[in-house]
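# Examining the three-dimensional arrangement
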Amino acid sequence: MPFGGYREKQLAIVALIVSMIIWSVSGIAIKHALVALPPFTMILMRFIPSVLLMLVIGLVRRKHSLFCLQRMELKDLPLFLLAGFCQPFLYYMLETYAYDALNSPTIAETLLSTSPLLSPVFAAILLRERITGNNIFGILISTGGVFVLTLAGAENYSIGSYWGVLLAFLAVSAAVIDSVMMRKAPMRYSALSFVFYTQVISLLFFIPVWFWREGPSALRAIEWSTLADPSSSLTTALWSVSYLTVFASVTAFILFCYALRQIGVTKANAFNNIRPVFTAIWMFLFFGEHLPALKWVGIGLIIFGLFICQKREKTDKS
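Residues numbered from 1 in each chain as written. Predicted model: local features only at pLDDT ≥ 70, side-chain atom pairs only at ≥ 80, totals over all residues. Heavy atoms only, no water.

## Re the pattern of salt bridges
Applying the stated criterion to the full structure yields three salt bridges. Two residues, Lys75 and Glu73, come together in a salt bridge whose shortest N-O distance is 3.8 Å. Assessed through its relative accessible area of 63%, Lys75 is described here as exposed. Note that Glu73 is salt-bridged to Arg188, the shortest N-O span being 3.3 Å. Within this pair, whereas Glu73 is found in the loop between α3 (39–60) and α4 (77–101), its partner Arg188 is found in the loop between α8 (162–184) and α9 (191–213), the two being separated by 115 residues in sequence. Connected via shared salt-bridge partners are Glu73, Lys75, Asp76 and Arg188. (Salt bridge = Lys/Arg side-chain N within 4 Å of Asp/Glu carboxyl O. Buried < 20%, exposed > 50% of the residue type's maximum accessible area, 1.4 Å probe, protein only. Helix = DSSP H or I, 4+ residues; strand = E, 2+ residues; numbered from the N terminus.)

## Some remarks on helix α11 (residues 233–263)
For α11, the principal kink sits at Leu244 and spans about 35 degrees. A positive phi of about 100 degrees marks Gly264, the residue just after α11. (Bend = angle between axes of the 7 residues up to and from the residue.)

## A word on the nonpolar core
Core analysis: the largest hydrophobic core is formed by 87 residues, its most contacted members being Phe194, Ile254 and Phe256. If one sorts the elements of this core by residue count, α11 sits on top with 15 residues. With near-sequence residues (within four places) excluded, Phe194 lies in contact with Leu79, Phe80, Ala83, Asp178, Met181, Met182, Ala185 and Cys257. (Core = buried A, V, L, I, M, F, W, Y, C linked by side-chain atoms within 4.5 Å. Contact = heavy atoms within 4.5 Å.)

## Details of the side chain of Asn273
On the secondary structure map, Asn273 appears in the loop between α12 (265–270) and α13 (275–287). A polar side-chain atom of Asn273 sits 3.4 Å from a polar atom in the side chain of Thr143. (Polar contact = N/O pair within 3.5 Å; in protein donor to acceptor, adjacent residues only side chain to side chain.)

## Some words on the packing of helix α1 (residues 6–24) against α13
Axis separation between α1 and α13 bottoms out at 8 Å; the angle between their running directions is 50 degrees. The angle between the axes of α1 and α13 places the two elements in the oblique class. Where α1 crosses over α13, the two elements pack in a sense that is right-handed. Judged by residue contacts, Ile17, Met20, Ile21, Trp23 and Ser24 of α1 engage Arg275, Phe278, Thr279 and Trp282 from α13. Taken together, the residues that form the contact of α1 with α13 break down as six nonpolar, two polar and one charged. (Axes fitted to C-alpha atoms, helices over the stretch in contact; angles between N-to-C directions. Parallel < 35°, antiparallel > 145°, perpendicular 65-115°, else oblique. Left-handed = near helix turned anticlockwise from the far one by under 90°. Nonpolar A, V, L, I, M, F, W, Y, C, P; charged D, E, K, R; others polar.)

## Brief notes about the state of the cysteines
Evaluated as defined, the whole model comprises zero disulfides. Note on Cys86: no disulfide assigned, nearest cysteine sulfur contributed by Cys257 at a separation of 15 Å. Cysteine Cys257 remains unbridged, with the sulfur of Cys68 as its closest cysteine sulfur at 12 Å. (Disulfide = S-S within 2.5 Å.)

## Considerations on the confidence of the model for the protein chain
Looking at the protein chain as a whole, the pLDDT averages 86, with 92% of positions reaching at least 70. Taken element by element, the predicted model of the protein chain shows its lowest mean pLDDT in helix α5 (residues 105–111) (70) and its highest in α9 (95). (pLDDT = per-residue confidence, 0-100.)

## Considerations on the packing of aromatic side chains
Given two aromatic rings, one states the distance between the centres and the angle between the planes to describe the pair. Tallying each qualifying case throughout the model produces 18 aromatic pairs. Measuring from ring centre to ring centre gives 5.6 Å for Phe80 and Phe194, while their planes differ by 45 degrees; the resulting arrangement is tilted. Of this pair, Phe80 sits in helix α4 while Phe194 is found in helix α9, placing the two residues 114 residues apart along the sequence. Here the two residues Phe80 and Phe194 agree in accessibility, since each one is buried. Residues Trp282 and Phe286 carry aromatic rings whose centres are separated by 6.2 Å and whose planes lie at 40 degrees to one another, so their mutual orientation is tilted. Placement of the pair is Trp282 and Phe286 together in helix α13, with a separation of four residues, close to one helical turn. Looking at Trp282, the relative accessible area reads 21%, which means it is partly exposed. With relative accessibility at 62%, the residue Phe286 sits in the exposed group. Cluster of aromatic residues (ring-pair linked, three or more members): Phe47, Phe85, Phe89, Tyr91, Tyr92, Phe205 and Phe206. Lying across the ring of Trp212, Arg213 places its NZ or CZ 5.2 Å from the centre. (Phe/Tyr/Trp six-rings, centres within 6.5 Å; stacked < 30°, edge-to-face > 60°. Lys NZ or Arg CZ within 6 Å of the ring centre and 35° of its normal.)

The structure is reproduced here in structure tokens:
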């Protein structure tokens, strides 16, 4: 299926930037949520409302192509099953255990930011997507910038279990496969439809895991009485979950899905490299975290690499 026209590509880039800004805050929100909520309980509290929200939006905005909700055809079920299994379900599971197996969160963040490196491989093999020299060169520069940004000033470079490295790359592979499924999904499905069905399927996988790992006892253990205190950790956690629900799980996913289907897997996933840039800026502005000169060099490399990756070659007509 052909990529969109010039105007659609410009809108796609704006959508990608907005989605990355939203996701760059997700890590901070998750950290606050996990102070008062068990991990799988937090995931369910995030995705059940997001599915219901998308259902309401889809039923209300039936005539808007981006937000309408189409009925899934049975022949497309395998595609949605694979996408929903890969992300959020498999990605979140692998990501959690990768963090646990790796000694340094910095190393984990760096490894989990390598999806742009794997995207051209999956896109070329599964989609026959044309990969240009600018794509590869830009991704390498941008990914190098991610390593500089995340590792600059880090004190602990020990890796820990090499199983953690494997789990991190499996998590990244799951996320890239989900991106490929977004691209393969028939264009008759809106972005909201794709995200809605994949999250419903992910929930079907998550719920048994929740019963196995935490279950109803986790809900009973939450100190619900502290909700009366606006400054309690539980109140902060629920505000964080609300952000993750409305913005990270719905808005950003829909924008990313729309953009990816306009410009392709390789170019869209390259924008994942700017997530740590925005996170570093938020930490600098709101938490006073120092940004040494080397981190600014990393930010510059990321932005320059993205510019190269999106630049057309003279023979590139897409």
